[in-house]
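Examination of the molecular architecture
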Amino acid sequence: MPSAPDTMSSYHKAIIVSTNPPNTSDAIASDIGRVMPIHFGENQLPLIVGDVHGQLDMLHALIRSVKFNHDFKLYRDPLIMVGDLTDRGPQCYRLLQELKRPNVYSTLGNHEMNYLRRYEELKWPVLQSITEHLIHAKEGAWFLRLTHAQRLDVLEIMRTRMPMAIQLSHPNLRVGILHANGHDNWWDTCQDVAAYASMDKDARRAVEHRMLYSAERKVLSQKRRLQPAHSRKEIMPITGVFMQVSGHISGLDAENINNCYYIDTGARLLYRSDDSWKYGSGRLTGITIGKRKIIEHWVRQVPSWQEVPASAQMMQYNGQRYVYGSCILKVIPLKNRIDYDQSNENP
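An account of the accompanying structure is given in this report. (Residues numbered from 1 in each chain as written. Predicted model: local features only at pLDDT ≥ 70, side-chain atom pairs only at ≥ 80, totals over all residues. Heavy atoms only, no water.)

Secondary-structure assignment places His-60 in helix α3 (residues 56-70). For His-60, a relative accessible area of 18% gives the class buried. Excluding residues that lie within four positions of it along the chain, His-60 makes contacts with Glu-98 and Tyr-317. (Helix = DSSP H or I, 4+ residues; strand = E, 2+ residues; numbered from the N terminus. Buried < 20%, exposed > 50% of the residue type's maximum accessible area, 1.4 Å probe, protein only. Contact = heavy atoms within 4.5 Å.)

What follows is the structure in structure tokens.
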């Protein structure tokens, strides 16, 4: 965002901040405007996790539940989050520090983008208090409690370690991961992200809206259910990848729309936003990509006053109770199987 003229009053500078979303600077755009390739081997079990929102303990509980049944080993197997690591939960800073560990990755979410857009404004002393007020109103109280050095560290992590998209690949299988939405054939070329840094501000915002803020495909699916069967329009699968995994719009359960999987299930049970209290499901969802199956895993916080059915799988972690479970989400077709061997598999 260009510097405001020195002759401009602080009042008018405040109007700029409060009414006009800042532009992404060229330096930040060149860092986040990319698709990060991640390759996994036959003996690795990638875990892709929905919007965590500062719930580091819950993330560790989910990892423990996967380890119980599927031998996921943190830092040996890729752990990939779909963005929105920040806000709402109590452990945002510690959660971002996890991205400095080996084999831990995340795409950029709209909540992180909101901080990067305000990065230039925080350098203007006359605007700092106003900008901090806006950040606080948008669930950013955790950020305001950080020291100046910690704030810079957080912004550096968001800039350099959270790309707009991740492509998880094995010779027989490609999985596209982004926060919100992509075109039907977007993964064939990833062209707009490759050109993102050189775009003008309007084109950049269009890319940001689709990839970080849009819920178009999920909304179309919900509208389609209300239409008569004979008039429903087909929602085309995403091409260029075996499947796409996204978060952003939370639901009570993960949702599959053709080959698009939406795994944000509202990890934070109760949070404050825009001066009001809001409820999530208190459930965090992830999926593992094995040799033959894609499996959905979930953990849910259980308040101390709530009874847990005897049949439920339950664990305690850091003084909090969780119930957990898993189910087969998809059987990988024979031609895509990682361990496919024509000599010992039937067609």
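There is more to say after this.
Another aspect to go through is the packing of aromatic side chains. Aromatic rings in a pair are described by how distant their centres are and how their planes are angled relative to each other. Overall, the coordinates contain three aromatic pairs when judged by the stated rule. Ring centres 5.6 Å apart and planes at 65 degrees place the aromatic pair Tyr-115 and Trp-142 in the edge-to-face group. With Tyr-115 in helix α5 (residues 110-117) and Trp-142 in helix α7 (residues 141-144), the pair connects residues that are 27 residues apart, well separated along the chain. Residue class for Trp-142 comes out buried when judged on its relative accessible area of 8%. Pairing Trp-142 with Phe-143 gives two aromatic rings, centres 5.7 Å apart and planes at 80 degrees, and the pair type is edge-to-face. (Phe/Tyr/Trp six-rings, centres within 6.5 Å; stacked < 30°, edge-to-face > 60°.)

Of the two faces of strand β7 (residues 243-246), the one lined by Met-243 and Val-245 and the one lined by Gln-244 and Ser-246 are each fully buried. Pairing analysis gives three bridges linking strand β6 (residues 173-178) to β7, with the strands arranged parallel. Among the inter-strand pairings, Val-175 is bridged to a residue of β7, identified as Met-243. Bridge analysis of β7 against strand β9 (residues 260-262) gives three bridges, and the strand direction is parallel. The residue bridging Ser-246 from the neighbouring strand is Tyr-262, located in β9. (Pairing = 2+ DSSP bridges.)

Don't take any of this as a statement about function, it's just geometry.
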